[in-house]
Amino acid sequence: DPGTGAARASADLPGNLDDVVAGGGSVWVLDRTVGTVSVVDPQTLKVDATVRVGDQEQNLVFGAGAVWLADGPATTVSRIDPAGGWVVTPMAVGR
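One structure accompanies this document, and this report is about it. (Residues numbered from 1 in each chain as written. Predicted model: local features only at pLDDT ≥ 70, side-chain atom pairs only at ≥ 80, totals over all residues. Heavy atoms only, no water.)

Focus on the environment of Pro 42
Short version of the rule: A run of H or I in DSSP counts as a helix once it spans at least four residues, and a run of E counts as a strand once it spans at least two, with each numbered from the N terminus. Two residues form a contact once any of their heavy atoms are found within 4.5 Å.
Here Pro 42 lies in the loop between strand 3 (36-40) and strand 4 (47-52). The spatial distance from the C-alpha of Pro 42 to the C-alpha of Val 20 is 12 Å, given a sequence separation of 22 residues. Excluding residues that lie within four positions of it along the chain, Pro 42 makes contacts with Gly 25, Ser 26 and Val 27.

Right, here's the structure in full:
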């Protein structure tokens, strides 16, 4: 609840919860340990899909209609297409 900060619901997800972002009608959960992003339906609280990503991904953000992953050591940013659930080729961003 945004007003009270109290949880209104919870989901039992496998693995670690390293970063979370909401967007595109889903909740996206990064698990660095196994290198995946779980796509959670906010209505059912069930995992709809799992997207394989690298194990170096640092952060998730949602913007411009996609989920973006920052890979710190490789200095890249990758885009996940919410409609298809696939990772677009990483883009180098430099240091």
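Side note on the side chain of Ser 26
Test applied: When a residue's accessible area, from a 1.4 Å probe over protein chains only, is under 20% of the maximum for its type it is buried; when over 50% it is exposed; and in between it is partly exposed.
Relative to the assigned elements, Ser 26 resides in strand 2 (residues 26-31). By relative accessible area, Ser 26 is classed as buried at 14%.

Overview of the sheet that holds strand 3
In plain terms, the rule: Only strands joined by at least two bridges in the DSSP assignment are considered to pair. Between N-to-C directions, angles span 0 to 180 degrees; the directions come from axes that are lines fitted to C-alpha atoms, helices contributing only their stretch in contact.
Read across the sheet, 4 strands follow the order 1-2-3-4 without closing on themselves; strand pairing throughout is antiparallel. The strands lining the two open edges of the sheet, one partner per strand, are strand 1 (19-23) and strand 4. On average, each strand axis in the sheet is tilted by 20° relative to the strand beside it, whichever way the strands run. The sheet contact formed by strand 3 and strand 4 spans 5 bridges and is antiparallel. Looking across to strand 4, one finds that Val 39 is bridged to Ala 49.

Here we look at the pairing of strand 2
In terms of burial, strand 2 is a largely internal element, 5 of the 6 residues being buried. The pairing of strand 1 with strand 2 spans 5 bridges and is antiparallel. Looking at the pairing, Gly 23 lines up with Ser 26 of strand 2. Hairpin connection between strand 1 and strand 2: a loop of 2 residues separates the two successive antiparallel strands, and Gly 24 in this loop has a positive phi of roughly 65°. Connecting strand 2 to the antiparallel partner strand 3 that follows it, the hairpin turn spans 4 residues, and Gly 35 within it adopts a positive phi of roughly 70°.

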